[in-house]
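Topology and contacts: notes
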Amino acid sequence: MPRRPDRYEEELVTPQRTWLRHMLLLFFGGLLVAVDVKVVEIYKAHKEAEIAAMTAPAPEPPERAKMLRGEIERGVSVIGSFVDAGIPNDQANSVIAALRREGTFDFTTCRPGDRFYAQVTDSGKLTRFAYIINRLTHYNVQRNAEDTLVAERVVLPTDKTELVITGAIESSFYKSILDMGELTKLAANVVRFFEYDIDFVQEVRKGDTYRIFLERITFQDEVVDYGRIFAAEYKGEETGRVRGYWFESDSEKWRGYYNEKGQQMKKFLLRAPLDVLRVTSSFGMRFHPTLKRRKMHTGVDYGAPTGTSVWAVADGRVTHAGRAGGYGNMIAISHGFGLESRYAHLSRILVKRGQSVRQRQIIGRVGATGRATGPHLHFELRKNGRYINPRKVDIGTSVTLPAGLMGEFKKQMKQINEAWEAAPVLKDGKVRREGVFK
Ligand SMILES: [Zn+2]
């Protein structure tokens, strides 16, 4: 079963839409009326020969052809989807055969929503075809001199740059990243980097700053993806300074992110019980409107659209899953150490009492059941039955590198710091060569 991207993931790849337009233009670049200059440049750079061929005077009047655009449909085979898009049956078979002959095309990874484009003449002959794998990879199918369809895998050449992305929070972290022209994916990667230390909904304040040293991947100066984060730092009024480094250990067990003391960034408790990017992005990128504190309020509220996934903040066992008075539909999870987490006002409960759950496992969906004025998640942590501030939990002590690896870690940290200081800096959307490291 090919893995389906979840809605979150789909949201992360929305820039693909722009890109797909480029792809379409790339493929039919010479034919479209509304040709955008930038796309032509890209087109020229990579398909110069083809442009020449396509713009050269045709030896005889070319047969009229139409462009088809389709996608793999749910519950329909690949060839069925081709035919549904208007490709004649025999031509669709020939495309499949060409893709098979090519050797690297993996039909098992075709999934609903995958796009393809085809050019078919009025007499029903397919002249060109393209199948989009992702923003950088597609398969072109064309006719060779013998009039046989031949498929070719095309991977667009990307550039990787190590750089520092730095900024200050104006309204939300998410917005500050998007304002710089970076992709949502970067915000997601950074949120994930700090997920054991920072709650990006509750703890982010105007004026907080961050510096991320990472690998950025571009295609024709357009950001398409990010590689590894080598190190990152967040300085905030509420959060204090949090900094982490990648440690490339020979042993897979110890490979990962550590703070300057060699303690794992990964901890017992996740700081937020849901995807904070969904929360901050669903409020028009403004600050998350903290719900008015009620008297005796014993938790943290996350305003979020009904249906937003809620996950367990740590491994544990479900001790309650059902109605609980003003809490509405509530889940309680016991994590040991006398620690319990509660998730209230849920629209749906996806676990059962007594069940073991893992950290980050989806356990329910945001709702407005019980005493709630609107959809939100009421989250609380209790220690020995008493409400505690999630920020102040001190059992979140993390694993420290063994003494034998500490020397190597310190050495790598020093190297990263030097590279971090020397790397070009992206500030206010522009790359500058300046050391901001302190
Ligand atoms: Zn509440």
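Thresholds applied
- Residues numbered from 1 in each chain as written.
- Predicted model: local features only at pLDDT ≥ 70, side-chain atom pairs only at ≥ 80, totals over all residues.
- Heavy atoms only, no water.
- Helix = DSSP H or I, 4+ residues; strand = E, 2+ residues; numbered from the N terminus.
- Buried < 20%, exposed > 50% of the residue type's maximum accessible area, 1.4 Å probe, protein only.
- Contact = heavy atoms within 4.5 Å.
- Areas by Shrake-Rupley, 256 points an atom, 1.4 Å probe, with all protein chains shown as cover.
- Pairing = 2+ DSSP bridges.
- Axes fitted to C-alpha atoms, helices over the stretch in contact; angles between N-to-C directions.
- pLDDT = per-residue confidence, 0-100.
- Salt bridge = Lys/Arg side-chain N within 4 Å of Asp/Glu carboxyl O.
- Core = buried A, V, L, I, M, F, W, Y, C linked by side-chain atoms within 4.5 Å.
- Domains from an automatic or database assignment.
- Expected span 1.5 Å × (residues − 1).
- Arc of directions from axis to C-beta.
- Polar contact = N/O pair within 3.5 Å; in protein donor to acceptor, adjacent residues only side chain to side chain.

Counting its regular elements, the protein contains 9 helices and 22 strands. By residue count, 48% of the 438 residues in the protein fall in the buried class. For the protein, restricting intrachain contacts to residue pairs at least 6 apart in sequence, the fraction spanning at least 24 positions comes to 62%. By element, 51% of the accessible surface of the protein is carried by carbon and sulfur atoms, the whole surface being about 22100 Å².

Let us now look at the sheet that holds strand 3 (residues 126–132). With respect to topology, 5 strands assemble into an open sheet ordered 1-2-3-4-5, the strand pairing being antiparallel. Here the strands that pair on one side only, and so sit at the sheet edges, are strand 1 (65–71) and strand 5 (149–155). For this sheet, the mean angle separating the axes of adjacent strands, direction not counted, is 15°. As paired elements, strand 1 and strand 2 (residues 115–121) share 7 bridges and run antiparallel to each other. When the bridges of strand 2 are listed, Met67 appears paired with Gln119.

Moving on, we come to the confidence of the model for the protein. Fine structural detail should not be taken from predicted coordinates in areas where pLDDT scores are low. For the protein, the mean per-residue pLDDT works out to 82, and 78% of the residues sit at or above 70. Overall, residues 434–438 carries pLDDT values under 50, and its contacts beyond four positions in sequence, including any with other chains, amount to 13 contacts.

Note on pairing: side chains with opposite charge can pair once their charged atoms come close. Applying the stated criterion across every chain yields a total of 24 salt bridges. In this structure, the salt-bridge partner of Lys206 is Glu170, at a minimum N-O distance of 3.1 Å. Of the two residues, Lys206 sits in the loop between helix 7 (184–193) and strand 7 (209–219) while Glu170 sits in the loop between strand 6 (159–168) and helix 6 (173–179), which places them 36 residues apart along the sequence. Each of the two residues, Lys206 as well as Glu170, counts as exposed. Taken together, the salt bridges that share partners define one network made up of Arg211, Glu233, Arg241, Arg243 and Glu260.

Right, let's get into the pairing of strand 8 (residues 222–236). Among the 15 residues in strand 8, 11 count as buried, and that is most of the element. The pairing of strand 7 with strand 8 spans 10 bridges and is antiparallel. Directly across from Thr209, in strand 8, lies its bridge partner Lys235. Pairing geometry for strand 8 and strand 9 (residues 240–247), over 6 bridges, is antiparallel. The partner of Glu233 across the bridge, within strand 9, is Arg243. Joining the antiparallel neighbours strand 8 and strand 9 is a turn of 3 residues.

The nonpolar side chains of a soluble globular protein tend to be buried with one another. Of all hydrophobic cores here, the largest spans 60 residues; its most connected members are Phe173, Phe194, Phe200, Tyr343, Ile363 and Leu377. For this core, the element with the most residues is helix 7, which contributes 6 residues. Taken domain by domain, the makeup of this core includes at least three residues from each of domain 2 (158–267 + 399–438) and domain 3 (269–397).

Right, let's get into unusual backbone geometry. For Gln220, which is not glycine, the phi dihedral falls at a positive 50°. Here Gln220 falls in the partly exposed class, since its relative accessible area comes to 31%. In this structure, Phe337 takes a positive phi of about 55° despite not being glycine.

Inspection of the sheet shows strand 6 paired to strand 7 by 10 bridges, in the antiparallel sense. Its bridge partner being in strand 7, Ile165 is matched across the sheet by Ile212.

So, about helix 9 (residues 403–422). Given 3.6 residues per turn, any residue in an α-helix points the same way as the ones three and four places further on. Compared with the 28 Å implied by 1.5 Å per residue over 20 residues, the 29 Å span of helix 9 between its first and last C-alpha is a close match. Buried residues of helix 9: Met406, Phe409, Gln412, Met413, Ile416, Asn417 and Trp420, and no others. The arc enclosing the buried residues of helix 9, seen along the axis, measures out at 150°, which places them on a common side. The exposed set on the far side of helix 9, more than 90 degrees from its buried face, consists of Gly404 and Lys414.

In this fold, Gln359 is placed in the loop between strand 17 (356–357) and strand 18 (362–365). Gln359 sits in the buried class, given a relative accessible area of 17%. One polar contact links the side chain of Gln359 to the main-chain carbonyl oxygen of Val313, over a distance of 3.0 Å. Apart from the residues within four sequence positions on either side, Gln359 is in contact with Tyr196, Lys266, Lys267, Phe268, Leu269, Leu270, Ala312, Val313, Ala314 and Asp315.

Pairing is antiparallel across the open sheet formed by 3 strands, whose spatial order is 12-18-16. Where the open sheet ends on each side, the last strands, each with one partner, are strand 12 (309–311) and strand 16 (348–349). In terms of strand pairing, strand 12 meets strand 18 through 3 bridges, oriented antiparallel. Considered in strand 18, the bridge of Ser309 is made with Arg365.

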